[in-house]
Protein chains: 2
Amino acid sequence: MSNVRPIASPSITSPSSNSDDRAHEADHPSSSVAKFGVDQPLKLDCGVDLAPFQIAYQTYGELNADRSNAILVCHALTGDQHVNNIHPVTGKPGWWETMVGAGRPLDPEKYFIICSNVIGGCMGSTGPASFNPATGKVWGLDFPIITIPDMVRAQAMLIDRLGITTLFCVVGGSMGGMQALQWTAAYPERVFSTLAIACSTRHSAQNIAFHELGRQAVMADPDWRGGRYVDQDTHPYRGLAVARMAAHITYLSDAALHRKFGRRMQDRELPTFSFDADFQVESYLRYQGSSFVERFDANSYLYLTRAMDYFDIAADHNGALANAFTGIKTRFCVISFTSDWLFPTSESRALVHALNASSARVSFAEIETDRGHDAFLLDVPEFLEISRAFLQAAGKARGLGNGDGQS
Amino acid sequence: MSNVRPIASPSITSPSSNSDDRAHEADHPSSSVAKFGVDQPLKLDCGVDLAPFQIAYQTYGELNADRSNAILVCHALTGDQHVNNIHPVTGKPGWWETMVGAGRPLDPEKYFIICSNVIGGCMGSTGPASFNPATGKVWGLDFPIITIPDMVRAQAMLIDRLGITTLFCVVGGSMGGMQALQWTAAYPERVFSTLAIACSTRHSAQNIAFHELGRQAVMADPDWRGGRYVDQDTHPYRGLAVARMAAHITYLSDAALHRKFGRRMQDRELPTFSFDADFQVESYLRYQGSSFVERFDANSYLYLTRAMDYFDIAADHNGALANAFTGIKTRFCVISFTSDWLFPTSESRALVHALNASSARVSFAEIETDRGHDAFLLDVPEFLEISRAFLQAAGKARGLGNGDGQS
């Protein structure tokens, strides 16, 4: 047996010191913060009044004189408020620079753009990683379960605080799209237009299954300690990395993985006959898992996946989706991607049919791409052009100028 | 905050005493065993000569006088040789009772049916869970990496031992289909017909990604102990259960999950606002994970997934799939399922095109079903009828009688 090389035991690498920065951001974010005291509780769907709490947010551009140019960007599951600035933990560019920025569809020269970290998040809005004043410890699993409507309710309190009555647009992809739809269903008079991308009005059984898998991966890590890892100075980074790896596969299409990696080997031509990362796709996944744990809180991941699982607009409106949007004046644009198997086009079509049944104003675009769910984060020209055109048309109706540089 | 129920921390349940039975089966199977001594090594692709080793197998029916009615069933990743008998660990029926049995397409009244546990498995054929005579301990990660061609090479030694020159048919689904194809490419003169179901001639990047996720889940479990958990009296059942949950999602289609579970709640009508298994699909997945660990060895899971990842018949034949089957006389039947996204129909079509290019005799059936990859294990009448018809026609050509009860 001497002619075989020893089999390595490659494991997920432990997080760098970044995670200390991340822990600090949970309570003391680099962003602006809106604090709400005990007299201004957030009324959660689970029956809890959450108070005090805070919302961390970023803004780009200026609110115009008649306060009519505000756009709320809602972030996805593992996103945050750092849409178009250097991320305080990772040092990387903002997560939606393709969509937001000078010359981009959401141009701060024209619009006042707001993005807040969701309630339950870990980048400065109150969540399980935050300090719980009642116990003097980090919330952990003492934090109440939150829902997509709860996230939106908190954002509405922030928008009130910023002195904005009606948002020109609520924009989001994936979990952000769920929030955009929830905003419109809950506060139709406060939303002039809605851009809902790669999302659904409810989470499918398969998506719940993938989320449950991720949660079980976190909870299976002994360092999770029943959610009390901060108190016990541990970090369930292995379980969280596995959860991220699973989720990451769902964000890409089979075709995109094939194009990016195929069966290509990593830095070699022949198999090592080991459990090393022989294939490039293996190295890529391990990297995705390891880098994620540096910037994200494990309990927050549990809470936000749960919020998505519970989401079901129709169920909140006597089982009929069309009921949620009856009599609504908001202009909708719904966008899906052909290769997105996490939120397939069929779910966007069901939404569009419901909006049509409600006589809502809706345009729908299915973008042909092999880039999967992640397409909404990427430079996909047709998608960006349609978003720009929708906002320009809505802007005209809103009296925001013709969108050709005159604001 | 008193009106919220405490959040449970549901975790994967620890395995029952079944796992002791499983460990015993690794070396002392309830099945028949073919032992190969140090003078009969298994020559592995990694360069190692594995000796001694053993193959555990089951047979059903009788070999006819001219030894022309033998069918080799190749099992899938987590299958074993217990095709049509009570499983010695779980006590459940055999895994392919829809296909094998009286009145079924593979009827022991007509055929001599053999199924062996693959090399690298954990139900009696030598693998990482077996005792290593050189060290006096369980092999663990000292076991050499095995490949699909290695599995087939071991099966060929078993078939020799049983005194069979030519198999009437090699049948398998998923990893079993890979073995059936490899058998035909490696020993075309020994395979009269091949029934390859829900498989591929190489593993896709997405499938490698899912396997890597599963391996990382196992290795992330501290109880894995670098693969030495048996020596250290631990069991990485949490990691293995997570791996199984991930794999199980890929075995079902989105439509099948939706039909089976949808968003239905488990024993309740309203959400618990907790991490309990609110949705039926969550309970189902947890059960799948927990029951799997009672019958399967974690290291074996690593080795068998790796073997599938490495599989690439074309790469072994100068990059052209058609080269693998040039001049072949074997009769092929290739079957795929429309909703199988693990081994999509397009991959079966590519195989069929290559077989056509080789002027091989091939029939192809794409079965319309929403049951996903698992359809090959289920009672899908059209699939079973096509399998039966293929075997009957091949049987006539082989002189096995007309298949109407005369053998």
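Residues numbered from 1 in each chain as written. Chains lettered and ligands numbered in written order. Predicted model: local features only at pLDDT ≥ 70, side-chain atom pairs only at ≥ 80, totals over all residues. Heavy atoms only, no water.

**Brief notes about the relation of the copies chain B and chain A**
Inclusion rule: We superpose the copies by least squares over the C-alpha atoms of residues that have a pLDDT of at least 70 in both of them. Contacts: residue pairs with any heavy atoms within 4.5 Å of one another.
Rotating chain B by 180° about the axis while translating it 0.0 Å along that axis superimposes it on chain A, leaving an RMSD of 0.0 Å. Seen this way, the second copy is the image of the first under a two-fold rotation axis. Taking C-alpha positions as reference, the residue of chain B nearest the rotation axis is D221 of chain B, located at 3.3 Å. Mapped onto chain A, 100% of the interface residues of chain B are again interface residues, and the two copies thus contact each other with one and the same surface.

**Points about the packing of aromatic side chains**
What counts here: Ring geometry is summarised as follows: Phe, Tyr and Trp rings, the Trp one being its six-membered ring, pair when their centres sit within 6.5 Å, and such pairs are stacked at plane angles under 30 degrees, edge-to-face over 60 and tilted between the two. Strands are runs of DSSP state E lasting at least two residues, helices are runs of H or I lasting at least four, and both sets are numbered from the N terminus onward. Any residue under 20% of the maximum accessible area for its type is buried, any over 50% is exposed, and the rest in between are partly exposed; the area is computed with a 1.4 Å probe on protein chains only. As a reminder, the over-ring test applies to NZ of lysine and CZ of arginine, requiring each to be within 6 Å of the ring centre and within 35 degrees of the ring normal.
By the definition in use, this model includes 38 aromatic pairs over all chains. Their ring planes at 80° and their centres at 6.2 Å tell us that W96 of chain A and F376 of chain A sit as a pair that is edge-to-face. Separated by 280 residues along the polypeptide, W96 of chain A in the loop between β5 (70-74) and β6 (112-116) and F376 of chain A in the loop between β12 (361-367) and α11 (381-398) bring together distant segments of the chain. F376 of chain A shares its class with W96 of chain A; the two are buried. Ring pairs connect the aromatic residues W139, F143 and Y303 of chain A together with F275 of chain B, which therefore count as one cluster. Above the face of the F192 of chain A ring, R398 of chain A is positioned so that its terminal group lies 5.2 Å from the ring centre.

**What to know about the UniProt feature "active site" (unreviewed entry) in chain A**
All names here are of chain A. To keep it simple, the criterion reads: UniProt positions are given in the numbering used here, feature names are shortened, and annotations may be inferred rather than shown by experiment. Side-chain atoms alone can form a polar contact between residues adjacent in sequence; in general such a contact is a pair of N or O atoms within 3.5 Å, and within protein one must be able to donate a hydrogen while the other accepts it.
With numbering matched to this structure, UniProt assigns "active site" (unreviewed entry) to S174, D340 and H373. Despite a sequence span of 200 residues, these residues sit close together in the fold, their greatest C-alpha distance being 10.6 Å. For D340, a relative accessible area of 2% puts it in the buried group. Excluding residues that lie within four positions of it along the chain, D340 makes contacts with A198, G372 and H373. Within polar-contact distance, the side chain of D340 engages the backbone nitrogen of L342 at 3.0 Å. The topology assignment puts H373 in the loop between β12 and α11. Among the residues examined, H373 registers a relative accessible area of 2% and is labelled buried. Discounting residues that sit within four places of it in the chain, H373 has contacts with S174, A198, T250, Y251, D340, L342 and F343. For H373, the side chain forms a polar contact with the side chain of S174, separated by 2.8 Å.

**Let's talk about the state of the cysteines**
Residues and elements named next belong to chain B. Selection criterion: The rule for a disulfide is simple: a pair of cysteine sulfur atoms within 2.5 Å.
Applying the stated rule across the entire model yields 0 disulfides over all chains. No disulfide involves C115; its sulfur sits 7.2 Å from that of C74, the nearest cysteine. The closest cysteine sulfur to the non-disulfide-bonded C199 is located on C74, 10 Å from its own sulfur.

**Some details on the side chain of S174 of chain B**
Residue and element names in this part refer to chain B. Structurally, the position occupied by S174 is in the loop between β9 (167-173) and α3 (175-186). Since its relative accessible area comes to 6%, S174 is described here as buried. Non-local contacts of S174, meaning those with residues more than four positions away in its chain, are made with A76, I197, A198, C199, M308, F343, H373 and F376.

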